[in-house]
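Chain by chain, the residues run as shown.
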Amino acid sequence: VRFDNTLKMNYIQGDILAYTRYIAESLHSLANAQNLMLRVESDQAKIVMDYDPERFLQIIHNLLSNAIKFTPSGGKVLLRADLKDKWLHITVTDSGAGIPAEELPNLFERFFQAKNQEHAKAGGTGIGLSLTHELVKAMGGEISVDSKVGVGSTFLVKLPVTNSSVFEEKLMPIDGV
């Protein structure tokens, strides 16, 4: 993936909540293998909006797999999806190691490796969160993080809700993520 302004978006319109649940489902076996609870919650029955399935998949998969990676056995990872004034709010909360306050400002920079890597059950390239940040920005949204060491982290993604693309039910097989 190139890091420039040519992140091409291919929007469809569909139920992004169903798609989010579907992405989370693909990570359930990973969570179970690590003795973690992975849940998706929403007050909405469905959330129909424009989104790029491939890009959205990368964002959600990255945030959930990171959360799973940094959460010790017996912990939990919760994704919440809510609608607030024409914005989709997605929070991914984990009961993991947390990120030191002084590292939070750099978290979305390329190749920045948080010093809490020793808490990770597998190493990372450091490219995940910066790519996630680029993708969220390219979709007209924003991403932020709130974290406390020893308590866990919450990542918040806000995406603008529009309804102008062709309607398509998108449940593609998740492989090669």
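Conventions we followed
- Residues numbered from 1 in each chain as written.
- Predicted model: local features only at pLDDT ≥ 70, side-chain atom pairs only at ≥ 80, totals over all residues.
- Heavy atoms only, no water.
- Helix = DSSP H or I, 4+ residues; strand = E, 2+ residues; numbered from the N terminus.
- Buried < 20%, exposed > 50% of the residue type's maximum accessible area, 1.4 Å probe, protein only.
- Contact = heavy atoms within 4.5 Å.
- Areas by Shrake-Rupley, 256 points an atom, 1.4 Å probe, with all protein chains shown as cover.
- Pairing = 2+ DSSP bridges.
- Axes fitted to C-alpha atoms, helices over the stretch in contact; angles between N-to-C directions.
- Phe/Tyr/Trp six-rings, centres within 6.5 Å; stacked < 30°, edge-to-face > 60°.
- Expected span 1.5 Å × (residues − 1).
- Polar contact = N/O pair within 3.5 Å; in protein donor to acceptor, adjacent residues only side chain to side chain.
- Core = buried A, V, L, I, M, F, W, Y, C linked by side-chain atoms within 4.5 Å.

> I'd love a proper account of the overall build of the protein, names of residues and values included.
Scanning the protein for helices and strands turns up four helices and seven strands. Ordered by position from the N terminus, the helices and strands of the protein form the series β-α-α-β-β-α-β-β-α-β-β. Going through the 177 residues of the protein one by one, you find that 46% of them count as buried. Taking the intrachain contacts of the protein between residues at least 6 apart in sequence as the baseline, contacts between residues at least 24 apart amount to 74%. A total of about 9,000 Å² of accessible surface is found on the protein, and carbon and sulfur atoms cover 53% of it.

> Please provide a residue-by-residue account of the sheet that holds strand E6 (residues 142-148), values included.
Read from one edge to the other, the open sheet built from five strands follows the order E2-E4-E5-E7-E6, with strand pairing classed as mixed. Because the sheet does not close on itself, it has two edges, and the strands there are strand E2 (37-42) and E6. In this sheet, neighbouring strand axes are inclined to one another by 15° on average, regardless of whether the strands run parallel or antiparallel. Of the strand pairs in this sheet, strand E5 (residues 87-94) and strand E7 (residues 152-160) are connected by seven bridges, and their pairing is antiparallel. In the strand pairing of E7, threonine 93 is matched with threonine 154.

> Give me the packing of aromatic side chains: which residues, what numbers.
Given two aromatic rings, their pairing is described by the distance between the two centres and the angle made by the two planes. Summed over all chains, the structure comprises five aromatic pairs. Pairing tyrosine 51 with phenylalanine 56 gives two aromatic rings, centres 5.9 Å apart and planes at 65°, and the pair type is edge-to-face. The pair formed by tyrosine 51 and phenylalanine 56 is uniform in burial state, with each residue classed as buried. A ring pair is formed by phenylalanine 108 and phenylalanine 155, whose centres lie 6.2 Å apart and whose planes are at 80°; its orientation type is edge-to-face. Here the residue phenylalanine 108 occupies a position in the loop between E5 and helix H4 (128-138), and phenylalanine 155 occupies one in strand E7, the gap between them amounting to 47 residues. Of the two residues, phenylalanine 108 and phenylalanine 155, neither departs from the other in class, the shared state being buried.

> I'd like a rundown of helix H3 (residues 53-70), residues and numbers included.
Side chains that are three or four residues apart share a direction in an α-helix, a result of its 3.6 residues per turn. With 18 residues, H3 extends 26 Å from end C-alpha to end C-alpha; this agrees with the ideal 26 Å at 1.5 Å per step. Here H3 lies mainly inside the structure; 16 of its 18 residues are buried. A distance of 3.0 Å separates the backbone nitrogen of glutamate 54 from a side-chain oxygen at the start of H3, and that oxygen is part of aspartate 52.

> Describe unusual backbone geometry, with residues and values.
Glycine aside, a negative phi is what most residues show, and trans is what most peptide bonds show. Of note in the backbone geometry, asparagine 35 takes a positive phi value of approximately 60° without being a glycine. Relative to the elements of secondary structure, asparagine 35 occurs in the loop between helix H2 (28-33) and E2. Even without being a glycine, aspartate 85 presents a positive backbone phi close to 45°.

> Let's hear about the environment of histidine 61: which residues, and what values?
Within the secondary structure layout, histidine 61 lies in helix H3. Once the C-alpha coordinates of histidine 61 and serine 26 are considered, the two residues, 35 residues apart in sequence, prove to be 8.9 Å apart.

> Quick one: what's the story with the nonpolar core, residue by residue and with numbers?
Core analysis: the largest hydrophobic core is formed by 44 residues, its most contacted members being Phe56, Leu64, Leu88, Ile90 and Phe155. Sorting elements by how many residues they give to this core places H3 first, with eight residues.

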